[in-house]
Amino acid sequence: MSADPSELGIPDHVLNDVELSLAAKGLFALLVASQGQPIDPFDDALEDTADISAAIDELLGAGLAVRVAR
């Protein structure tokens with residue numbers, strides 16, 4: 001864990017993945033910044049819930065995120 005999440009980088013293979021949407025890459029950045037802590041991407045979201053759900057599915061399908069039970 002880093003004391004300053006801005007020091008954390010997003011791996012190039014994620015940024016350069018043409019199969020991931022910009023929304024999925026942004027959500028991945030949020031996951032990196034949370035440093036392994038569960039997040040609720042729908043909390044205070046400005047994006048459409050369908051777009052968020054699609055981004056979650058992309059990350060799950062790519063093996064970049066896992067779903068946890070509440």
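See above for the structure.
A.B. asks: Please explain the overall build of the protein as it appears in this structure.
C.D. replies: Along its length, the protein carries three helices and zero strands. Tracing the protein from N to C terminus, the helices and strands come up as α-α-α. Taking all 70 residues of the protein together, 21% fall into the buried category. Here the analysis covers contacts within the protein between residues at least 6 apart in sequence; of these, 51% occur between residues at least 24 apart.

A.B. asks: Explain the pattern of salt bridges here, please?
C.D. replies: Side-chain pairs of opposite charge can arise whenever the charged atoms involved come near each other. If you walk through the whole model with that rule in mind, you get one salt bridge. Among the ionic pairs, Asp57 bridges to Arg67, the shortest N-O distance being 3.8 Å. Here Asp57 is found in helix 3 (residues 49-61), whereas its partner Arg67 is found in the segment after helix 3, with 10 residues between them in sequence. Assessed through its relative accessible area of 47%, Asp57 is described here as partly exposed. Assessed through its relative accessible area of 58%, Arg67 is described here as exposed.

Parameters and conventions
Residues numbered from 1 in each chain as written. Predicted model: local features only at pLDDT ≥ 70, side-chain atom pairs only at ≥ 80, totals over all residues. Heavy atoms only, no water. Helix = DSSP H or I, 4+ residues; strand = E, 2+ residues; numbered from the N terminus. Buried < 20%, exposed > 50% of the residue type's maximum accessible area, 1.4 Å probe, protein only. Contact = heavy atoms within 4.5 Å. Salt bridge = Lys/Arg side-chain N within 4 Å of Asp/Glu carboxyl O.

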